[in-house]
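Close look at the chain arrangement
Single-letter residue listing:
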Amino acid sequence: MKVAIVGASGAVGQEFLRVLAERNFPMDDLVLFGSERSAGTRYTFRGREYEVQLLRHGDLFRDVDIVFTSAGAGTSKEFAEDITRYGAVMIDNSSAFRMDDDVPLVVPECNAEDALNRPRGIIANPNCTTIMMVVVLQPLENLSHIRRIHVASYQSASGAGAAAMAELQQQYSEILADKPVTVEKFPHQLAYNVIPQIDVFQPNGYTKEEMKMFNETRKIMHSDVKCSAMCVRVSSLRAHSESVWIETERPISVEEARQAIAAAPGVTLQDDPDNLIYPMPMDTAGKDDVYVGRIRKDLADDCGLTFWLSGDQIRKGAALNAVQIAEYLIKVGNVK
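The numbering scheme is per chain: residues are counted from 1 as the chain's sequence reads. Local features in a predicted model are, by the rule used here, given only for residues with pLDDT of at least 70; side-chain atom pairs are given and counted only at 80 or more, and totals for whole chains, interfaces and linings are based on all residues. Hydrogens are left out, water is left out, and the side-chain values use all remaining heavy atoms of the structure.

Some details on the overall build of the chain
Per the convention used, a helix needs a DSSP run of H or I reaching at least four residues, while a strand needs a run of E reaching at least two, with both numbered from the N terminus. When you go through the chain residue by residue, the secondary structure sums to nine helices and 13 strands. With the C-alpha coordinates of the chain rotated into their principal frame, the extents come out at 60 × 55 × 40 Å. To sort residues, take the accessible area from a 1.4 Å probe on protein chains only and compare it with the maximum for the residue type: under 20% means buried, over 50% means exposed, and anything in between is partly exposed. Buried residues in the chain amount to 54% of all 336 residues. In what follows, residue pairs with any heavy atoms lying within 4.5 Å of each other are defined as contacts. Taking contacts inside the chain between residues at least 6 apart in sequence as the whole, the part at least 24 apart equals 66%. Carbon together with sulfur atoms contributes 49% to the accessible area of the chain, which is approximately 14,700 Å² in total. A residue counts as positive if it is Lys or Arg and as negative if it is Asp or Glu; His and the chain ends are not included. Lys charges are placed at NZ, Arg charges at CZ, Asp charges at CG and Glu charges at CD. Across the chain, 35 positive and 46 negative side-chain charges occur, with their mean positions spaced 3 Å apart. In these tables, accessible area is a Shrake-Rupley quantity obtained with a 1.4 Å probe, and a residue counts as shielded only by the protein chains included in the view.

Shown next, in the form of structure tokens:
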């Protein structure tokens, strides 16, 4: 088994290396690719040093079985044919192919089998906020069909990449030193602030991030559910959180929901408000699971539930989900 990572020097690329090592992913060889800026950089994986190669057109992927890509939608579109030409499975972390009819959009806890039907050799990794939400929604959907979702996300700097995380830390230092604040990776200063915009605005007033949650949720869950989202950037460094309200066909009790979530794969129930126990990004950063708490009935809807979740955007929201897709393909013998 030969694995490649495209975008190896980025935040998600680095997380791929950590996750593959931690999970003892079954592989015999590894090759790393990057831009001109990162080519030549060396990383250690399982005690061996690997050098990042320049990504270029040609036969670089001839002997590769699985390729994890996280270098942006433009790069994914440009190099998809090169990557898949000789049968490699491309698991793409960008938005390039997510809504293409002939590309499965997969969260293994919800729709792993969709990964088996990939006419173009590409499997898309969903948006981070969508991944974390649907992992929690699936056990509730199994109890009663979810008709509507309202969600407000509280997304950390990590969602904008490693440079954005560094900028947030720099902003706090500059403020404390009474220096001018650097604002390059966000539309406004993020330190001591929240920004009610992630990605660009669409004609309907929603941002692309918010529309991703609407469209991707329906595709992953094979559902007619409608999702209205408000995505907000907050000044935490890593791990996203979400407040979620759902309306189901029949009322689901709080106890039913707790039991279903507690038993679901990829989810940890952390719901003890009497003792002030609920998920927070400080605690969920670096963890694999999505943590859920504050489960309660929606006072405005007899068929409604509301809950809070938090999870690591770089792990389950990106690298871990992609690796889990690959693990599933290996388990069922569906790699070239």
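With respect to the side chain of Thr 306
Within the secondary structure layout, Thr 306 lies in strand β13 (residues 304–311). Residue Thr 306 is classed as buried on the basis of its relative accessible area of 4%. Polar contact is the term for a pair of N or O atoms within 3.5 Å; when the atoms are in protein, one must be able to donate a hydrogen and the other to accept it, and sequence-neighboring residues count only if both atoms are side-chain atoms. At 3.0 Å, the side chain of Thr 306 and the backbone oxygen of Val 244 are in polar contact. Filtering out sequence-adjacent residues up to four positions away, Thr 306 remains in contact with Val 244, Trp 245, Arg 294, Ile 295, Arg 296, Lys 297 and Asp 298.

Structural notes on the layout of surface pockets
Quantified by volume, the largest pocket comes out at close to 1,200 Å³. The distinction between a cavity and a pocket rests on a 1 Å grid over the protein atoms alone: a 1.4 Å probe fits inside a cavity but cannot get out, while a pocket stays open yet meets protein on both sides within 12 Å along at least five of seven lines, and a residue with an atom within 4 Å of a point counts as lining. Lining the largest pocket are 46 residues, and of these Ser 70, Gly 72, Gly 159, Ala 160 and Gly 161 sit closest to its centre. At the level of elements, α1 (11–22), α2 (73–84), α6 (208–221) and α9 (315–331) are the ones that each hand at least two residues to the lining of the largest pocket. Across the lining of the largest pocket, the residue classes break down as 17 nonpolar, 20 polar and nine charged. Roughly 190 Å³ of internal volume is contained in the second largest pocket. Ser 95, Ala 96, Phe 97, Arg 98, Met 99, Asp 100, Gln 202, Lys 208, Met 211, Lys 212, Asn 215 and Glu 216 are the residues that line the second largest pocket. Within the lining of the second largest pocket, the residues separate by chemical class into four nonpolar, three polar and five charged. Grid points are joined across faces, edges and corners, and a volume is the space filled by probe spheres set on the points. Gly falls in the polar group here, along with every residue not listed as nonpolar (Ala, Val, Leu, Ile, Met, Phe, Trp, Tyr, Cys, Pro) or charged (Asp, Glu, Lys, Arg).

Focus on the nonpolar core
Among the nonpolar cores identified, the biggest contains 55 residues, and Phe 61, Ile 149, Ile 246 and Phe 307 are the most heavily contacted of them. For this core, the element with the most residues is helix α4 (residues 128–141), which contributes eight residues. If we skip the residues at most four places from it in the chain, Ile 246 touches Leu 137, Leu 140, Ile 146, Arg 148, Ile 149, Cys 303, Gly 304, Leu 305 and Phe 307. Counting 44 residues, the second-largest nonpolar core is a separate cluster that includes Ala 11, Leu 32, Val 106 and Ala 112. In this text, buried Ala, Val, Leu, Ile, Met, Phe, Trp, Tyr and Cys residues form a nonpolar core when linked through side-chain atoms within 4.5 Å.

Looking at the sheet that holds strand β8 (residues 146–155)
Here, a strand pair is defined by DSSP locating no fewer than two bridges between the strands. What the six strands build is an open sheet, ordered β9-β8-β10-β13-β12-β11; its pairing is mixed. The open sheet has two edge strands, β9 (226–233) and β11 (267–269), and neither has a second partner. Neighbouring strand axes in the sheet, compared pairwise and without regard to direction, differ in orientation by 20° on average. Of the strand pairs in this sheet, strand β10 (residues 240–248) and β13 are connected by eight bridges, and their pairing is antiparallel. Residue pairing across strands places Val 244 opposite Phe 307, the latter belonging to β13. Inter-axis angles, ranging from 0 to 180 degrees, are taken between N-to-C directions of lines fitted to C-alpha atoms, where helices are fitted over the stretch in contact.

Side note on the pairing of strand β3 (residues 42–45)
Burial along β3 is one-sided: the residues Tyr 43 and Phe 45 are buried and none of Arg 42 and Thr 44 is. Bridge analysis of β3 against strand β4 (residues 48–54) gives four bridges, and the strand direction is antiparallel. In the sheet register, Arg 42 faces β4, and the bridge partner there is Glu 51. Here β3 folds back onto β4 in antiparallel fashion, the turn holding two residues, of which Arg 46 has a positive phi close to 50°.

Focus on the packing of aromatic side chains
Stacked, edge-to-face and tilted are the three classes for Phe, Tyr and Trp ring pairs, Trp counted by its six-membered ring, which pair at centre distances within 6.5 Å; planes under 30 degrees apart are stacked, over 60 edge-to-face, the rest tilted. Applying the stated rule across the entire model yields six aromatic pairs. For the ring pair Phe 25 and Phe 68, a centre distance of 6.4 Å and an interplane angle of 70° mean the geometry is edge-to-face. Note that Phe 25 is positioned in the loop between α1 and β2 (29–34) and Phe 68 in strand β5 (residues 66–69), a separation of 43 residues in sequence. Of the two residues, Phe 25 and Phe 68, both sit in the buried class. Taking the centre distance of 4.8 Å and the plane angle of 85° together, the rings of Tyr 172 and Tyr 192 count as edge-to-face. With Tyr 172 in helix α5 (residues 162–176) and Tyr 192 in the loop between α5 and α6, the pair connects residues that are 20 residues apart, well separated along the chain. On the accessibility criterion, Tyr 172 (22% relative accessible area) is partly exposed.

Section: the packing of α4 against α6
Look at α4 against α6: their axes get within 10 Å of each other, and the N-to-C directions meet at 40°. Taken together, the axis directions place α4 and α6 in an arrangement best described as oblique. For the pair α4 and α6, the crossing hand works out as right-handed. Taking contact as the criterion, the partners of Cys 128, Thr 129, Thr 130, Met 133, Val 134, Leu 137, Gln 138 and Glu 141 in α4 are, on α6, Glu 209, Lys 212, Met 213, Glu 216, Thr 217, Ile 220 and Met 221. Partitioning the contact of α4 with α6 into residue classes produces seven nonpolar, four polar and four charged. An angle counts as roughly parallel when it lies under 35 degrees, as roughly antiparallel when it exceeds 145, as roughly perpendicular when it falls between 65 and 115, and as oblique in every other case. Each helix crossing is assigned a hand: it is left-handed if the near helix lies turned anticlockwise from the far helix by less than a right angle, otherwise right-handed if that turn is clockwise.

A closer look at the sheet that holds β4
Think of a sheet as strands paired side by side through backbone hydrogen bonds, with each pair either parallel or antiparallel. Strand order in this open sheet of seven strands is β3-β4-β2-β1-β5-β6-β7, and the pairing throughout is mixed. Both edges of this open sheet fall to β3 and β7 (122–124), since each of them pairs with a single strand only. Neighbour to neighbour, the strand axes of the sheet diverge by 25° on average, direction disregarded. Contacts from α1 reach β1 (2–6), β2, β3 and β5 within the one sheet, and its direction differs from that of β3 by about 20°. Sheet strands touched by α9: β5, β6 (89–92) and β7. Its angle to β5, the strand with the most contacts, is close to 165°.

Nothing here speaks to function; it is all geometry.
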